[in-house]
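So the chains spell out like this:
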Amino acid sequence: MTKTQRPNYTFALIVVFIVCFLIGFITTMNNSMIAFCSEAFSLTAQDGQYINTAFYGAYLLAIPFAMLMSKIGYKNTLLLGLAISGVGFVVNSIGINSAIASGINVYAIFLASMCLVAMGVVMLQNVANPYVMVLGSPEKGAFRMTLSQALNSVATTVAPMFITNVIIAGKAPAPEYVPGPFMGLGIFTLVICLVLVFLKLPKIDEGKQAEEAGEHREYKNSVFKYSHVWLGALGIFMYMGIEIGVPSMLPYRFQLLHPEMSSAELAALTTSYLSFYWGGMMVGRFVGAGILTKFESRKLLTACLLLGAACIALSLMFATSMAGIWFMLIAGLFHSVMWPLIFNLGLQELGPHTKSATGIINTGVIGAAILMPIMGAVVDAAGVIIALCLMFVFYAYIIWFCNFGSKIGIGSKQAVSGQPREA
């Protein structure tokens, strides 16, 4: 009997890839603002990391947003996320101008509006990850996820350039340089939202897709009974300490290397070098997408974790030279495939629970909101070298999850054999 021909999801994937680009741009732009804001608002290392807290703290809403997505569908969640992020940028622009004029705490306005932007990004991420997973054959899910993250990395490479050339643009960091570019970003995001209103995207039923693939499975009655989902969320939590830890600690590494530089000079120098880190992630994701067509994902993830940890170790060994900086930046090459592979391991064989599981795993992104201020406090108390040593704890957990934790609780039984399929 001939298998039912799968629908062509090419156009839908292109739309989702555009969303992935926007997610990457906004997220990296937020992180790249730390050096700028630290100078503009005269912040301590810990206070500067509250930018990450304001942004990534919104991921506490990932589970409620996933539940909302189950009610209103992928497309409506996509539109709502774009609208909220666009409005957040506009509010940021108007709010900063008003705060400057009235003498209100500008930094508080900036943090509050970026939290609003982040709420929209959480919705977009809730849509993008499962969409990429289900728009095509299950066996190619990790490949599509890695490719989407490669395109996301194009945006993360461009974002620091945007901060350097559009917001800073050779000027000493000051709050009044933010409103114009942010208003432009808000309008751009809202225009994309308006365009998507008139585009038809396919409805996805994950359970039916498994049946069409000839995979008749029995699923547990609740996503909360799959331990690999929760362990995957903790994996993403730890991963955020790795991915965001490098760019967040980079200003303090440069400060250690160039104590004679002013804050403005350090901010400009750090932002200019961040493109190398995000560029390395972009290259790594494109290469990783190709490697995944031939090699098993667990082996690739384990190798990248070990090599990333080695780069950080070498960076600490050369703490007083530019070699240490470059080893930190090179780590981005190996960090590149970690997100999609961790995410993919956490979403294995969930069928109708995929949407809910996405919200649970996305909640792990709050790791950046919690771990970065902790690392910032360690910088203030004991120095950046000690703070970077915390990253080895993050690497260790993900290695355990990759090789052991992600195999626990998968157990979606095949009706025919009664045996769980290995992820």
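Residues numbered from 1 in each chain as written. Predicted model: local features only at pLDDT ≥ 70, side-chain atom pairs only at ≥ 80, totals over all residues. Heavy atoms only, no water.

Trainee: Would you take a moment to explain the overall build of the protein for this structure?
Mentor: Check the secondary structure of the protein and you find 18 helices and two strands. Looking at the protein as a whole, 58% of its 423 residues qualify as buried. For the protein, restricting intrachain contacts to residue pairs at least 6 apart in sequence, the fraction spanning at least 24 positions comes to 85%. Working note: accessible area of the protein is about 16500 Å², and carbon and sulfur atoms make up 68% of it. (Helix = DSSP H or I, 4+ residues; strand = E, 2+ residues; numbered from the N terminus. Buried < 20%, exposed > 50% of the residue type's maximum accessible area, 1.4 Å probe, protein only. Contact = heavy atoms within 4.5 Å. Areas by Shrake-Rupley, 256 points an atom, 1.4 Å probe, with all protein chains shown as cover.)

Trainee: What is the right way to read a nonpolar patch on the surface from this model?
Mentor: On the surface, Phe-276, Val-283, Val-287, Trp-326, Ile-330 and Leu-333 cluster together to form a nonpolar patch covering roughly 510 Å² of accessible area. Secondary structure elements with two or more residues in the nonpolar patch: helix 11 (263-291) and helix 13 (322-335). In this structure, Val-287 sits in helix 11. Classification of Val-287 by relative accessible area gives partly exposed; the value is 45%. (Patch = residues over 30% accessible without salt bridge, like charges linked within 9 Å, V, L, I, M, F, W, Y side chains within 5 Å. Salt bridge = Lys/Arg side-chain N within 4 Å of Asp/Glu carboxyl O.)

Trainee: Quick question: what am I supposed to make of unusual backbone geometry here?
Mentor: The phi torsion of most residues other than glycine is negative, and most of the peptide bonds are trans. Phi is positive for Ser-42, which is not a glycine, with a value near 55°. Following the sequence through the fold, Ser-42 ends up in the loop between helix 1 (10-40) and helix 2 (45-48). Using a relative accessible area of 66% as the deciding quantity, one classes Ser-42 as exposed.

Trainee: For this particular structure, what's the right way to read the packing of helix 9 (residues 227-243) against helix 18 (residues 391-403)?
Mentor: Geometry of a packed helix pair, given as the angle between the helix axes and the separation of the axes. Viewed as axis vectors pointing N to C, helix 9 and helix 18 meet at an angle of 150°, and their least axial separation amounts to 9 Å. By the criterion of interaxial angle, the relationship of helix 9 to helix 18 is roughly antiparallel. For the pair helix 9 and helix 18, the crossing hand works out as left-handed. Taking contact as the criterion, the partners of His-228, Leu-231, Gly-232, Leu-234, Gly-235, Met-238, Tyr-239, Gly-241 and Ile-242 in helix 9 are, on helix 18, Met-391, Phe-394, Tyr-395, Tyr-397, Ile-398, Trp-400 and Phe-401. Its residues assigned to classes, the contact of helix 9 with helix 18 comprises twelve nonpolar, four polar and no charged. (Axes fitted to C-alpha atoms, helices over the stretch in contact; angles between N-to-C directions. Parallel < 35°, antiparallel > 145°, perpendicular 65-115°, else oblique. Left-handed = near helix turned anticlockwise from the far one by under 90°. Nonpolar A, V, L, I, M, F, W, Y, C, P; charged D, E, K, R; others polar.)

Trainee: Is there a simple way to think about the pattern of salt bridges in this case?
Mentor: For side chains bearing opposite charge, pairing can occur when the charged atoms are close. Overall, the coordinates contain one salt bridge when judged by the stated rule. Arg-298 is the partner of Glu-296 in a salt bridge, and the nearest nitrogen-oxygen pair spans 3.9 Å. The exposure class assigned to Arg-298 is buried, which follows from its relative accessible area of 4%.

Trainee: Help me understand helix 5 (residues 106-134), please; the structure alone is not making it clear to me.
Mentor: Since the α-helix turns once every 3.6 residues, residues separated by three or four places project in the same direction. An ideal rise of 1.5 Å per residue puts 42 Å on 29 residues; helix 5 measures up with 43 Å between its terminal C-alpha atoms. In terms of residue burial, helix 5 counts as a mostly covered element, since 23 of its 29 residues are buried. A distance of 3.0 Å separates the backbone nitrogen of Tyr-107 from a side-chain oxygen at the start of helix 5, and that oxygen is part of Asn-105. The first or second residue beyond helix 5 is Gly-136, which carries a positive phi of 145°. (Expected span 1.5 Å × (residues − 1). Polar contact = N/O pair within 3.5 Å; in protein donor to acceptor, adjacent residues only side chain to side chain.)

Trainee: Explanation requested: the environment of Ile-361 in the structure shown.
Mentor: Along the polypeptide, Ile-361 turns up in helix 15 (residues 354-362). Residue classification places Ile-361 among the buried residues on the basis of a relative accessible area of 0%. Measuring from C-alpha to C-alpha, the distance between Ile-361 and Ile-63 comes to 8.5 Å, with 298 residues separating the pair along the chain.

Trainee: Would you explain the environment of Gly-24 in this entry?
Mentor: Examined against the element boundaries, Gly-24 turns out to sit in helix 1. For Gly-24, a relative accessible area of 2% gives the class buried. Taking the C-alpha atoms as reference points, Gly-24 and Ala-150, separated by 126 residues in sequence, lie 9.9 Å from one another. Excluding residues that lie within four positions of it along the chain, Gly-24 makes contacts with Asn-152, Ala-155 and Thr-156.

Trainee: Sorry if this is basic, but what is going on with the side chain of Arg-298 here?
Mentor: Residue position: Arg-298 is located in helix 12 (residues 297-317). A polar side-chain atom of Arg-298 sits 2.4 Å from a polar atom in the side chain of Ser-406.

Trainee: Would you take a moment to explain the packing of aromatic side chains for this structure?
Mentor: For any pair of aromatic rings, the description rests on two quantities: the centre-to-centre distance and the angle between the ring planes. Counted according to the given criterion, the structure contains 17 aromatic pairs. Summarising the aromatic geometry, the rings of Phe-41 and Phe-110 are spaced 6.5 Å apart at their centres and angled 40° between planes, so their arrangement reads as tilted. Pair noted here: Phe-41 is in the loop between helix 1 and helix 2 and Phe-110 is in helix 5, with a separation of 69 residues, a long-range link. Here the two residues Phe-41 and Phe-110 agree in accessibility, since each one is buried. Aromatic side chains Tyr-397 and Trp-400 sit 5.7 Å apart centroid to centroid with 40° between the ring planes, which places their arrangement in the tilted category. Here Trp-400 and Tyr-397 lie together in helix 18, a separation of three residues that amounts to about one turn. With a relative accessible area of 14%, Tyr-397 lands in the buried category. By relative accessible area, Trp-400 is classed as partly exposed at 35%. (Phe/Tyr/Trp six-rings, centres within 6.5 Å; stacked < 30°, edge-to-face > 60°.)

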